[in-house]
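Spelled out, the chains give:
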Amino acid sequence: MIENLLTAKKVLVTGASSGIGKAIAIFFSQQGAQVILSGRNKERLDETLKLLTGDGHIIFSSDISKIDDLKALMDFSFNSFGALDSIVHCAGIQKTLPLQAIKEQQFDDIFNINVKSAQFIAKFLRRKGRYNVNGCSLIYISSVAAFCGEPAISTYCASKAALIGLSKSLAVELAKINIRVNTISPGVVQTNMVDGLKQQLSEEQYNQILLNHPLGLGRPEDIAHAAAYLASDLSRWVTGSNLIVDGGYSTH
Ligand SMILES: NC(=O)c1ccc[n+]([C@@H]2O[C@H](COP(=O)([O-])OP(=O)(O)OC[C@H]3O[C@@H](n4cnc5c(N)ncnc54)[C@H](OP(=O)(O)O)[C@@H]3O)[C@@H](O)[C@H]2O)c1
């Protein structure tokens, strides 16, 4: 078992009240990181907090699809922890929306949380004193949906593809100040998000998703392990990359 991969790292994890973000917060704390947990639901953030290893972790609840709330989270993080070593931006939403059903508000909702927050997290991070000048790692959770077509999730797919483009440009722009920027693209991971999706599918459609993952569906911890590598010094020469963690889904 790997130990102490993230000793003394100060990390902000968004989406820490559920699923993948929750698993990342738990695993990072086991590896020695001090974590700020972000999400909207304070009760569920408190539940995650209780599961962390070590001391000094804190929560902050806000709706980071709104720029003022996101700024408040970032100010709180720097005021509490000082310069950050890493941010794992996991918060996101998925909606099944056939083209004929999409309304402007739904498009905006998906892009505000999945893309706009990612852009402004980077902007608020790059200010002087807010990131570790010896090395800082910004990680966005994209999806295989960014490059593998699936019907009725075109807005979600577009938002996840946007994250990959965003990270590649930022990786070049921020390299000179020692901030690395990478994305992780998970396949289907068993979380609340996927439970919601399952309810909208027939048994046949769901079985097809299972078949499309040669190694079966993922667990949140599978993504937490990939995120820990990208947040650690082991990946010091890795930036602008998209790490696919999908049980073989995108090999088809
Ligand atoms: N599960 C999968 O199969 C899968 C596959 C590929 C990519 N992903 C990506 O992985 C990330 C996490 O997914 P998940 O499956 O863990 O989903 P989840 O269990 O539904 O968790 C989503 C998280 O995002 C937070 N969030 C959503 N809207 C927010 C907002 N406006 N402000 C602040 N926080 C917000 C939620 O917190 P609150 O509810 O407390 O606000 C929650 O903690 C997402 O970006 C998703 O697109 C998931």
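Please refer to the structure placed before this passage.
The structure displayed is predicted, hence computed values, not measured ones. (Residues numbered from 1 in each chain as written. Predicted model: local features only at pLDDT ≥ 70, side-chain atom pairs only at ≥ 80, totals over all residues. Heavy atoms only, no water.)

Draft legend 1. Seen up close, the site of the ligand. Around the ligand there are 32 residues in total, and Ser-17, Ser-18, Arg-40, Tyr-156 and Thr-191 lie nearest to it. Between a nitrogen atom of the ligand and a main-chain N or O atom of Ile-64, the distance comes to 3.0 Å. One nitrogen or oxygen atom from the side chain of Tyr-156 is found 2.7 Å from an oxygen atom belonging to the ligand. Across the complex, the protein chains shield 93% of the 880 Å² of accessible surface that the ligand would expose by itself. Per-element accounting of the shell around the ligand gives the leading share, three residues, to helix H6 (residues 192-199). Among the residues making up the shell around the ligand, the classes are represented as 14 nonpolar, 14 polar and four charged. (Near = heavy atom within 4 Å. Polar contact = N/O pair within 3.5 Å; in protein donor to acceptor, adjacent residues only side chain to side chain. Areas by Shrake-Rupley, 256 points an atom, 1.4 Å probe, with all protein chains shown as cover. Helix = DSSP H or I, 4+ residues; strand = E, 2+ residues; numbered from the N terminus. Nonpolar A, V, L, I, M, F, W, Y, C, P; charged D, E, K, R; others polar.)

Draft legend 2. Spotlight on the nonpolar core. Judged by nonpolar contacts, the single largest core of 31 residues is most densely connected at Ile-24, Phe-28, Val-35, Leu-37, Val-88, Ile-141 and Ile-184. When residues of this core are traced back to their parent elements, those giving at least two are strand E1 (10-14), helix H1 (19-30), strand E2 (34-39), strand E5 (136-141) and helix H8 (220-231). Once residues within four sequence positions are removed from consideration, Phe-28 is found in contact with Leu-6, Val-11, Ala-33, Val-35, Val-88, Ala-224, Ala-227, Ala-228 and Ala-231. Counting residues in hydrophobic clusters, the runner-up holds 29 residues, among them Phe-78, Ile-113, Leu-125 and Ile-179. (Core = buried A, V, L, I, M, F, W, Y, C linked by side-chain atoms within 4.5 Å. Buried < 20%, exposed > 50% of the residue type's maximum accessible area, 1.4 Å probe, protein only. Contact = heavy atoms within 4.5 Å.)

Draft legend 3. Structural context of unusual backbone geometry. Even without being a glycine, Ala-8 presents a positive backbone phi close to 65°. Along the polypeptide, Ala-8 turns up in the segment before E1. Not every positive phi belongs to a glycine, and Ala-152 is a case in point at roughly 70°. Inspection of the secondary structure puts Ala-152 in the loop between E5 and helix H5 (154-174).

Draft legend 4. Fine view of H5. For H5, spanning 21 residues, the distance from its first C-alpha to its last is 30 Å, which sits close to the expected 30 Å at 1.5 Å a residue. When H5 is considered as a whole, its buried residues turn out to be Thr-155, Tyr-156, Cys-157, Ser-159, Lys-160, Leu-163, Ile-164, Leu-166, Ser-167, Leu-170, Ala-171 and Leu-174. The secondary structure elements touched by the buried residues of H5 are helix H4 (104-125), E5, strand E6 (179-186), H6 and strand E7 (242-245). (Expected span 1.5 Å × (residues − 1).)

Draft legend 5. View of the packing of H4 against H5. The interhelical angle for the contact between H4 and H5, taken along N-to-C directions, is 10°, at an axis separation of 9 Å. Overall, the two elements H4 and H5 adopt an arrangement that is roughly parallel. When the axes of H4 and H5 are compared, the crossing they make is right-handed. Contact residues: H4 offers Phe-107, Ile-110, Phe-111, Asn-114, Val-115, Ala-118, Gln-119 and Ala-122, while H5 offers Thr-155, Tyr-156, Ala-158, Ser-159, Lys-160, Ala-162, Leu-163, Leu-166 and Leu-170. Looking at side-chain class alone, the contact of H4 with H5 contains twelve nonpolar, four polar and one charged residues. (Axes fitted to C-alpha atoms, helices over the stretch in contact; angles between N-to-C directions. Parallel < 35°, antiparallel > 145°, perpendicular 65-115°, else oblique. Left-handed = near helix turned anticlockwise from the far one by under 90°.)

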